[in-house]
Amino acid sequence: MVNSFSILKKPFAIAFLVLLAAACLFSAAAFFWSRHELSVALFQTDPENLENLPDVSASAIRSGQAVFRKNCAACHGANAHGEPAIGAPNLTDRDFLYGDGHVIEIEQTIRYGIRSGNSRGWDLASMPAYATPHPYSKYEIPSLSPGDIDDLTAYIRRISHQDAELAAAERGRATYRDKGCWDCHTMDAGGDSAIGAPNLTDGIWLHGDGSAQSIKNSISYGRGGQMPAFNTQLTPLETRTVALYVASLSRAGEKNTQ
Amino acid sequence: MKPAQSPSSALAPDSRRSLILCAIGAVAGLGLAGMGLFTAQGTRTSHVPPEDIALVNGVPILVSDYETQVRDLYGVSLSQTSRQQRKGVLASMIREEIYVQRGVELGMQNDVIEVRSALVAAVEGQQTVNAIAAPVDSSELLAFYKAHPDKYSSEGTIDLDDYVAPDASKAQAATTALRAGQPSQAIIAMGLKPGSRMTDGSEYYFAAEAHLGKPLFTVARDLKDGQVSDPVQAEDGWHVLVMRRNSPPVERPYDTLKDKVLQDVREDKAARLHTAAEGFLRKRADILYAKGAE
């Protein structure tokens, strides 16, 4: 019977195994050291100034892309263009539902989510369902009539530069003012990123395609998209890198539109 | 002949060195253990991980939370604030952590109602977090949509004319006239008044039911466009309804409410998780009831 350890009796084999083990150890150490160095660089630099460290920034964005593919692409799409059917926003434009697109704001949204159940997540308001007896779950507000909803739809179509009957849009403007839509979307309908109320004038649609039917659906049945909190699934380093990746996408989008 | 050596002096220099090193190690170990036991400093980590800005009794304060706090407070990014401002933010975060830890030490969760409510909400929230984080595939969404058709119907709308007669005979005459195609003026001329219950035109079913009252709404809901109802008695007289347009609820297409279905699936999962978690926690808890309290 051949002894399976007989190979160890050959000096060159032992040397080979020792070298292999050393190479593995060295590679692992190099990997962890590079992660540590990346961590130190990323967390000791203001994320808004990372452009001044192009190597670190590029390395972080590469790592962030891998994290994005694994955790975010299922909803936002592999190209991050979003999925209006489930209210997952396009991340490549400069239209931010929450915050102004700063890396730290994106990072906090990833960490704590939107209507995620985490008390640190975004959950200040949601779109009421005005064609229901109790439009809003947090407090009582009156429903709207079908005519009001049609008029509001026409108004929103007009201010987003689409066709709609002028008289209906004028009535809709009055409804917008009198029924308190401005309370969240602001008087100029430009939205409020502090509470996640979208801009209604820019032609960028979080839900649907901006058609009369999809706008009417939003007003009638409400919206309240959710995003999971990733604070227990992603490490702080992964969260920061994916935030940097998302910020880089929107900045690239901005450059393309300029 | 050499004199006999004592056992200690018989030790080789190497062995003596080992013993000395062992003794030093033991003394250092005892010293560290003592420090850890009596000062709570022995368990202290001297190294702060890069993702943390500070550790308070081993509890990390994340750089990310610190930067967010700075931005929330001053509206600018970290590098645009002064050292004084940054120190102030960090001091307040450390203070909060120290006070939270002290609160736990003092057992505030047993005494302070706000802490108890916050803890209950936080535990429920954590179950929701788990439900929302769980992946949902499109077949699960579609199955949920199909299983709950009532949830995903549009709200029906009604637009009608309502005439009120003082007695049954006038109401019956008006019904006959309306069915013969007489105009509204002719019905008013017969002594009926326009009803005041639904005056804003088209209304959703729930609003129409609230305005008309259940008996009238039940009649109205079954009328087809252009149909005239039989007289219906109510506390303010006899009503005759003429249906202008009745749009009953219809099933809303799945593609237009995928986001709503997704939300409902998650809420359903969260509700089931709440129930299961409560059952588990009750089962695990050692609850002793006083006599007669069960």
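Residues numbered from 1 in each chain as written. Chains lettered and ligands numbered in written order. Predicted model: local features only at pLDDT ≥ 70, side-chain atom pairs only at ≥ 80, totals over all residues.

Colleague: It is not clear to me how the overall build of chain B should be interpreted in this structure. Could you clarify?
Modeller: Scanning chain B from N- to C-terminus turns up 11 helices and seven strands. Relative to the 2.2 N^0.38 estimate, which gives 19 Å for 294 residues, the radius of gyration of chain B is 39 Å and therefore markedly larger than a compact globule would have. Within chain B, buried positions represent 21% of all 294 residues. Across chain B, contacts joining residues at least 24 apart in sequence account for 58% of those joining residues at least 6 apart. (Helix = DSSP H or I, 4+ residues; strand = E, 2+ residues; numbered from the N terminus. Rg over C-alpha atoms; globule rule 2.2 N^0.38 Å. Buried ≥ 20, exposed ≤ 12 C-beta atoms within 10 Å, placed from the backbone. Contact = placed C-beta atoms within 7 Å.)

Colleague: Honestly, the pairing of strand β1 (residues 52-56) of chain B in this entry has me stumped. Any pointers?
Modeller: Regular strands place their side chains on alternate faces of the sheet. Residue and element names in this part refer to chain B. Pairing geometry for β1 and strand β2 (residues 59-62), over four bridges, is antiparallel. Bridging from a neighbouring strand, Leu55 pairs with Pro60 of β2. What sits between the antiparallel neighbours β1 and β2 is a turn of two residues, in which Asn57 has the positive phi angle 50°. (Pairing = 2+ DSSP bridges.)

Colleague: Please explain the pairing of strand β3 (residues 157-165) of chain B as it appears in this structure.
Modeller: Residues and elements named next belong to chain B. Summarising the sheet, β3 and strand β5 (residues 203-204) pair through two bridges and their orientation is antiparallel. Looking at β5, one finds that Thr157 is bridged to Tyr204. Where β3 and strand β7 (residues 237-247) come together, nine bridges link them in antiparallel fashion. Bridge pairing links Asp159 to Arg245 in β7.

Colleague: Could you clarify how one ought to interpret the environment of Asp93 of chain A in this entry?
Modeller: All names here are of chain A. Assignment of secondary structure puts Asp93 in the loop between α3 (73-76) and α4 (103-112). What makes Asp93 partly exposed here is the crowd of 19 C-beta atoms within 10 Å. For the pair formed by Asp93 and Pro236, sequence separation is 143 residues and the distance between their alpha carbons is 25 Å.

Colleague: Could you clarify how one ought to interpret the nonpolar core in this entry?
Modeller: In this structure, Leu160, Ala165, Ala174, Ala208, Ala220, Val240 and Leu241 of chain B are the most contacted members of the largest nonpolar core, which totals 41 residues. Taken together, the elements giving at least two residues each to this core come down to α5 (146-159) and α8 (212-221) of chain A together with β3, α7 (168-179), α9 (205-212), α10 (214-221) and β7 of chain B. If you tally residues by element for this core, the top one is α5 of chain A, at six residues. Every residue in contact with Val240 of chain B, bar those within four places of it in the chain, is listed here: Tyr163, Ala165, Ala171, Ala174, Thr175, Leu178, Val228, Ser229 and Pro231 of chain B. The next biggest cluster of nonpolar side chains, apart from the first, holds 35 residues, and it includes Phe43, Val242 and Leu244 of chain A together with Val89 of chain B. (Core = buried A, V, L, I, M, F, W, Y, C linked by C-beta atoms within 7 Å.)

Colleague: Looking at this structure, how should I read the packing of helix α5 (residues 113-133) of chain B against helix α11 (residues 258-284) of chain B?
Modeller: Axes are the key here: two packed helices are described by the angle between their axes and the distance separating the axes. All names here are of chain B. At their nearest, the axes of α5 and α11 sit 8 Å apart, and the two run at 135° to each other. By the angle class used here, α5 and α11 are oblique. Note that α5 runs across α11; the crossing there is right-handed. Where α5 abuts α11, its residues Glu124, Gln127, Thr128, Asn130, Ala131 and Ile132 lie against Arg266, Lys269, Ala270, Leu273, His274 and Ala277. Class assignment of the residues belonging to the contact of α5 with α11 gives a composition of five nonpolar, four polar and three charged. (Axes fitted to C-alpha atoms, helices over the stretch in contact; angles between N-to-C directions. Parallel < 35°, antiparallel > 145°, perpendicular 65-115°, else oblique. Left-handed = near helix turned anticlockwise from the far one by under 90°. Nonpolar A, V, L, I, M, F, W, Y, C, P; charged D, E, K, R; others polar.)

Colleague: When you look at helix α2 (residues 54-71) of chain A in this model, what are you seeing that I'm missing?
Modeller: All names here are of chain A. In this model α2 runs 25 Å from its N-terminal to its C-terminal C-alpha over 18 residues, within 8% of the 26 Å that 1.5 Å per residue would give. If you check which residues of α2 are buried, you get Ala60, Ser63, Gly64, Val67 and Phe68. Projection of α2 onto a plane perpendicular to its axis shows the buried side chains occupying an angular sector of 150°, all on one side. Set apart from the buried face of α2 by more than 90 degrees, the exposed residues are Pro54, Asp55 and Arg62. (Expected span 1.5 Å × (residues − 1). Arc of directions from axis to C-beta.)

Colleague: Which parts of the structure should I look at to understand α11 of chain B?
Modeller: In an α-helix, one turn spans 3.6 residues, which is why side chains three or four residues apart end up on the same side. In this model, α11 of chain B (27 residues) spans 38 Å end to end at C-alpha, consistent with the 39 Å of a helix rising 1.5 Å per residue. Looking at the buried positions of α11 of chain B, the neighbouring elements they touch are α8 of chain A together with α5 and α6 (138-147) of chain B.

Coordinates in, geometry out; function isn't part of it.
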